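Tertiary structure, described
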Amino acid sequence: MTPKIRLLSTDFDGTLVAHGSDPVLDRGCMECIEMLQAEGVIWAINTGRSVDLLESGLADFEFPIHPDFILTSERDVFRPASNGAAKWEPFGDWNERVARKHAELFHSAEAVLAEVVDFVNQKTKARLLYHSTGLEGLVAENEDELDRVTEFIDQARAKQPQFHYQRNTVYLRFCHADYHKGAALAELSRLLEIPREEIFAAGDHHNDISMLDGRFAAYPACPANAIPEVKKAVASADGYVASKSFGAGVHEALRNLIAR
């Protein structure tokens, strides 16, 4: 039915989920994805959320359908678990390799990270976020403040270019420059043996650009509520910028693709 599409990679918050709206989920979008799944198309949610937060979101927003794979924390790849101990398990050794690369990076970039922490503590009202493995990121008071933080990081990371970040609204996560939503999608497509030419991707914010710039998905799209930078990336990749917002925009993009 669709032109060679075998894999869908969709962001969660702000793309499928319309926070503060009623309804939160677009029924037509959910039905369209369910129909495509029934035809054998694979659906992966590609999100900045952790596995636990994504599972909570799927339950809280009462998703009527379930993804075939999940790509979480903007870098990890999971498949359905083969036993009953957990719902998801790492797909291959990717997650282990990514974790090792990040540990090595944060060790070598300690001086840069210290500069960033000093700037955040002394020049902003942003709150640093810690995880069991150490400092993970921060949450700013507003996007203007986060703009100032990222400007500082961009200057500081000149000495350590692999030290980077992913941002979404007022949230920022420190990361390795080589690992992002696009890289996770590329790994999933490699494991599933699905080429770029058979992949659709949709997202709305800064951290989605890596999977929407045409490198890893031949059919990128974004809803009308996407930020200007995302719309520019999608348009530059000859993708589809929808006239409708959130899930309705994803549905519009999928319908346009099916109509081809």
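Going by the structure above, here's the rest.
**Considering the pairing of strand 2 (residues 42–46)**
With five of five residues buried, strand 2 lies mostly within the body of the structure. Burial along strand 2 is two-sided: the residues Ile42, Ala44 and Asn46 and Trp43 and Ile45 are all buried. Looking at chain direction, strand 1 (residues 7–10) and strand 2 are connected through four bridges and run parallel. Counted as the bridge partner of leucine 7 is isoleucine 42 from strand 2. Remark: the strand 1/helix 1 (residues 27–38)/strand 2 crossover connection has right-handed handedness. The sheet contact formed by strand 2 and strand 3 (residues 69–72) spans three bridges and is parallel. Counted as the bridge partner of isoleucine 45 is isoleucine 70 from strand 3. Considered for its hand, the β-α-β crossover made up of strand 2, helix 2 (residues 51–60) and strand 3 is right-handed.

**Examining the packing of helix 4 (residues 110–123) against helix 5 (residues 143–156)**
Relative orientation of the contacting elements helix 4 and helix 5 amounts to 155°, with a least axis distance of 10 Å. The angle between helix 4 and helix 5 places the two elements in the roughly antiparallel class. Crossing of helix 4 against helix 5: the hand is right-handed. Each of Val112, Glu115, Val116, Phe119, Val120 and Lys123 in helix 4 lies in contact with helix 5, whose residues at this interface are Arg148, Val149, Phe152, Ile153 and Ala156. Looking at side-chain class alone, the contact of helix 4 with helix 5 contains eight nonpolar, no polar and three charged residues.

**Considerations on the side chain of lysine 181**
Its place among the elements puts lysine 181 in helix 6 (residues 181–192). Apart from residues lying up to four places away in sequence, lysine 181 is in contact with Asp11, Asn46, Thr47, Gly48, Glu74, Asn207, Asp208, Ser210 and Met211.

**Description of the sheet that holds strand 6 (residues 127–131)**
Across the sheet, four strands lie side by side as 6-7-9-8; this open sheet has antiparallel pairing. Strands with a single pairing partner mark the edges of an open sheet, and in this sheet they are strand 6 and strand 8 (163–168). Going from strand to strand, the sheet's axes swing by 35° on average, the running direction of each strand aside. Where strand 6 lies against strand 7 (residues 134–139), five bridges are found, and the strand directions are antiparallel. Opposite leucine 129, over in strand 7, you have glycine 137 as the bridge partner. Where helix 3 (residues 94–108) meets the sheet, it contacts strand 8 and strand 9 (171–176), and its direction lies at approximately 95° from that of strand 9.

**Some remarks on the packing of aromatic side chains**
Under the defined criterion, the tally for this structure stands at seven aromatic pairs. Ring geometry for phenylalanine 106 versus phenylalanine 163: centroids 6.4 Å apart, planes at 70°, classification edge-to-face. Highlighted residues: phenylalanine 106 in helix 3 and phenylalanine 163 in strand 8, separated in sequence by 57 residues. Aromatic side chains phenylalanine 163 and phenylalanine 174 sit 5.6 Å apart centroid to centroid with 25° between the ring planes, which places their arrangement in the stacked category.

**Description of the nonpolar core**
Judged by nonpolar contacts, the single largest core of 29 residues is most densely connected at Leu8, Ile33, Phe63 and Phe200. Of all elements in the fold, only helix 1, strand 2, helix 2, strand 10 (199–202) and helix 8 (246–259) reach the threshold of two or more residues within this core. Those residues in contact with phenylalanine 200 that sit more than four places away from it in its chain are Ile5, Leu7, Leu8, Ser9, Ala217, Tyr219, Ala221, Val250, Ala253, Leu254 and Leu257. If you look at the next biggest cluster of nonpolar residues, it comprises 27 residues, including Val77, Tyr179, Ala184 and Cys222.

**A few points about the sheet that holds strand 11 (residues 219–222)**
By way of backbone hydrogen bonds, the strands of a sheet pair with one another, either parallel or antiparallel. Sheet architecture is open: eight strands sit in the order 5-4-3-2-1-10-11-12, paired in mixed fashion. Two strands lie at the open edges of the sheet, namely strand 5 (88–90) and strand 12 (240–241), each paired on one side alone. Sheet topology note: the strand 1/strand 10 ladder contains four bridges and is parallel. Across the sheet, the residue bridging to threonine 10 is alanine 202, located in strand 10. Helix 2 contacts strand 2, strand 3, strand 4 (76–80) and strand 5 of the sheet and is inclined by roughly 125° relative to strand 3. Contacting strand 1, strand 2, strand 3, strand 4 and strand 10, helix 6 crosses the sheet at an angle of about 150° to strand 3.

**Focus: the environment of alanine 184**
Looking at the element boundaries, alanine 184 is found in helix 6. Taking relative accessible area as the criterion, alanine 184 reaches 0% and is therefore assigned buried. For alanine 184 and aspartate 238, which are 54 residues apart along the polypeptide, the C-alpha to C-alpha distance reads 22 Å.

Conventions and cut-offs
- Residues numbered from 1 in each chain as written.
- Predicted model: local features only at pLDDT ≥ 70, side-chain atom pairs only at ≥ 80, totals over all residues.
- Heavy atoms only, no water.
- Buried < 20%, exposed > 50% of the residue type's maximum accessible area, 1.4 Å probe, protein only.
- Helix = DSSP H or I, 4+ residues; strand = E, 2+ residues; numbered from the N terminus.
- Pairing = 2+ DSSP bridges.
- Right-handed = clockwise from strand over helix to strand, strands pointing away.
- Axes fitted to C-alpha atoms, helices over the stretch in contact; angles between N-to-C directions.
- Parallel < 35°, antiparallel > 145°, perpendicular 65-115°, else oblique.
- Left-handed = near helix turned anticlockwise from the far one by under 90°.
- Contact = heavy atoms within 4.5 Å.
- Nonpolar A, V, L, I, M, F, W, Y, C, P; charged D, E, K, R; others polar.
- Phe/Tyr/Trp six-rings, centres within 6.5 Å; stacked < 30°, edge-to-face > 60°.
- Core = buried A, V, L, I, M, F, W, Y, C linked by side-chain atoms within 4.5 Å.

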